[in-house]
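Tertiary structure, described
Next come the chains, spelled out residue by residue.
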Amino acid sequence: MTYRARVVVLDPVSPSALADLEQDHEVVVRLHPGHDELLGLAADADALVVRSGVTITGDVIRSGRRLRAVARAGSGTDNIDLDACREAGVQVFNFPGVSAPAVADLAVGLMLAVTRNIALADRQVRGGQWNKPRLAGPGLADRVLGVVGLGPIGSRIARLGAAFDMRVLAAVDRVTPARDEELRGRGITRVPLPDLLDAADMVCLAVPLTDRTRNLIGAAELARMHTGSYLINVSRGGVVDEDALLRALEDGAIAGAALDVHGQESGTPALAALDNVVLTPHLGATTSDAQERVGRLLAADLRAVLADGRATNRVC
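A brief report on the enclosed structure follows. From a predicted model like this one, the values you see are computed outputs, not experimental measurements. (Residues numbered from 1 in each chain as written. Predicted model: local features only at pLDDT ≥ 70, side-chain atom pairs only at ≥ 80, totals over all residues. Heavy atoms only, no water.)

Looking at unusual backbone geometry
- Its identity is not glycine, yet Asn117 carries a phi of approximately 55°, on the positive side.
- As for its placement among the helices and strands, Asn117 is situated in the loop between helix H5 (100-115) and helix H6 (118-126). (Helix = DSSP H or I, 4+ residues; strand = E, 2+ residues; numbered from the N terminus.)

A few points about the layout of surface pockets
- By volume, the second largest pocket amounts to about 570 Å³.
- Along the walls of the second largest pocket sit 26 residues, with Gly237, His262, Gly263, Gln264 and Glu265 positioned nearest its centre.
- A total of 3 residues in the lining of the second largest pocket trace back to one element, the largest contributor, which is helix H11 (residues 242-250).
- In terms of residue class, the lining of the second largest pocket is built from 7 nonpolar, 12 polar and 7 charged. (1 Å grid on protein atoms, 1.4 Å probe; cavity = no way out; pocket = protein on both sides within 12 Å on 5 of 7 lines; lining within 4 Å. Points joined across faces, edges and corners; volume = space filled by probe spheres on them. Nonpolar A, V, L, I, M, F, W, Y, C, P; charged D, E, K, R; others polar.)

Section: empty space enclosed by the protein
- Under the criterion given, the structure shown has 1 cavity of 30 Å³ or more.
- As a volume, the largest cavity reaches approximately 50 Å³.
- Along its surface, the largest cavity is lined by Ala113, Val114, Asn117, Ile118, Ala119, Leu120, Arg123, Asp275, Asn276, Val277 and Val278.
- A per-element tally of the lining of the largest cavity places H6 first, with 4 residues.
- Here the residues of the lining of the largest cavity sort into 7 nonpolar, 2 polar and 2 charged.

Some details on the sheet that holds strand S7 (residues 167-171)
- Pairing is parallel in the open sheet, where 7 strands are placed in the order S8-S7-S6-S9-S10-S11-S12. The sheet terminates laterally at strand S8 (188-190) and strand S12 (277-279), the two strands that pair on one side only. The mean angle between the axes of side-by-side strands here comes to 15°, regardless of whether they run parallel or antiparallel.
- Pairing analysis gives 3 bridges linking strand S11 (residues 256-259) to S12, with the strands arranged parallel. The residue of S12 that forms the bridge with Ala258 is Val278. (Pairing = 2+ DSSP bridges. Axes fitted to C-alpha atoms, helices over the stretch in contact; angles between N-to-C directions.)

Thoughts on the sheet that holds strand S5 (residues 91-93)
- If you walk across this open sheet you meet the 5 strands as S2-S1-S3-S4-S5, and the pairing is parallel. The open sheet is flanked by strand S2 (26-29) and S5, the only strands paired with a single partner. Strand-to-strand twist in this sheet, taken as the mean axis angle between neighbours without regard to direction, amounts to 15°.
- Contacting strand S1 (6-9), strand S3 (47-50), strand S4 (69-72) and S5, helix H12 (residues 288-305) crosses the sheet at an angle of about 165° to S5. (Contact = heavy atoms within 4.5 Å.)

Comments concerning the pairing of S4
- Alternating positions in S4 separate into two faces, Ala69 and Ala71 on one and Val70 and Arg72 on the other, with burial throughout.
- Two elements, S3 and S4, share 4 bridges in a ladder whose sense is parallel. Looking at S4, one finds that Val49 is bridged to Ala71.
- Pairing analysis gives 3 bridges linking S4 to S5, with the strands arranged parallel. Paired with Ala69 across the bridge in S5 is Gln91.
- Taking the sense of rotation as the criterion, the β-α-β connection linking S4, helix H4 (residues 82-88) and S5 turns out right-handed. (Buried < 20%, exposed > 50% of the residue type's maximum accessible area, 1.4 Å probe, protein only. Right-handed = clockwise from strand over helix to strand, strands pointing away.)

What to know about the packing of helix H1 (residues 15-24) against H12
- Direction vectors running N to C along H1 and H12 enclose 15°, while the axes themselves pass 8 Å from each other. In terms of axis orientation, H1 runs roughly parallel to H12. The two elements H1 and H12 meet at a crossing, and its hand is right-handed. Taking contact as the criterion, the partners of Ser16, Ala17, Asp20, Leu21 and Asp24 in H1 are, on H12, Glu292, Gly295, Leu298, Ala299, Leu302 and Arg303.
- Residue composition of the contact of H1 with H12, by class: 5 nonpolar, 2 polar and 4 charged. (Parallel < 35°, antiparallel > 145°, perpendicular 65-115°, else oblique. Left-handed = near helix turned anticlockwise from the far one by under 90°.)

What about the packing of aromatic side chains?
- Applying the stated criterion across every chain yields a total of 1 aromatic pair.
- Residues Phe93 and Phe95 carry aromatic rings whose centres are separated by 5.9 Å and whose planes lie at 85° to one another, so their mutual orientation is edge-to-face. (Phe/Tyr/Trp six-rings, centres within 6.5 Å; stacked < 30°, edge-to-face > 60°.)

Concerning the environment of Pro101
- Tracing the backbone shows Pro101 in helix H5.
- The partly exposed category is assigned to Pro101, whose relative accessible area is 29%.
- Along the chain, Pro101 and Leu271 lie 170 residues apart, while their C-alpha atoms are 27 Å from each other.

Put into structure tokens, the structure is as follows:
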């Protein structure tokens, strides 16, 4: 009898991806299990599939007696202990860029929602209030968009901002004369992060969560932004010091914020009490189109890895 590898799916993936995986593997779906249950699931798994909702710690990796792969059905890998995976010889792979259009589109949607008070207006109209004069907000044309991070997501945000006739500034990690020339050819001006914060009307964060980017935007950075500016975060919650952001919003230091990612992705954040804040539950990659694409790639890469091959985008 042909051995069927056990694939444990811990975060939601598309139904078509599950059906594809089930053709070749034994698939167990346990969404967002507690830590003790997760240890038990990993013990008998050949592969684990996660998105952003489950953290794969070192003890989870070490409990996997025959674990060969951890698949991140998305971009980042900050919820996976990569050192433990390397030590155990477990392949980790992800799909950077596949969902970038969906995330960038949401970033622009959040920008419009917070500047034009769309979410607040919707709540008020549902409650029978018509406060049209008090809901006026700035347009995007001729405003300065500051994009922090120019990977696949940030680059698309920059292009979309330019389509709204915004002037685009960018802060990037790796700076070379050739990169500056390439960015100028795309109508983007590269500036250091402090200068971007000083100048931008909209600051949009599109960076991975690393030791360098954790709390990248704190009290000092928010103090550089002007009182009519907005912060949009579609990267990772840990990139922003949310306590400092709350104080800045309450004090009127900035005009508003829109967050798709949060330091704690459960419960009701303190920011929810503010009318000049738009919050979504990490929806960036959650379009049917993006999830179908990721699902197809996930099934193909797991098939290769579990046949002792190599994933297309192996992280470790």
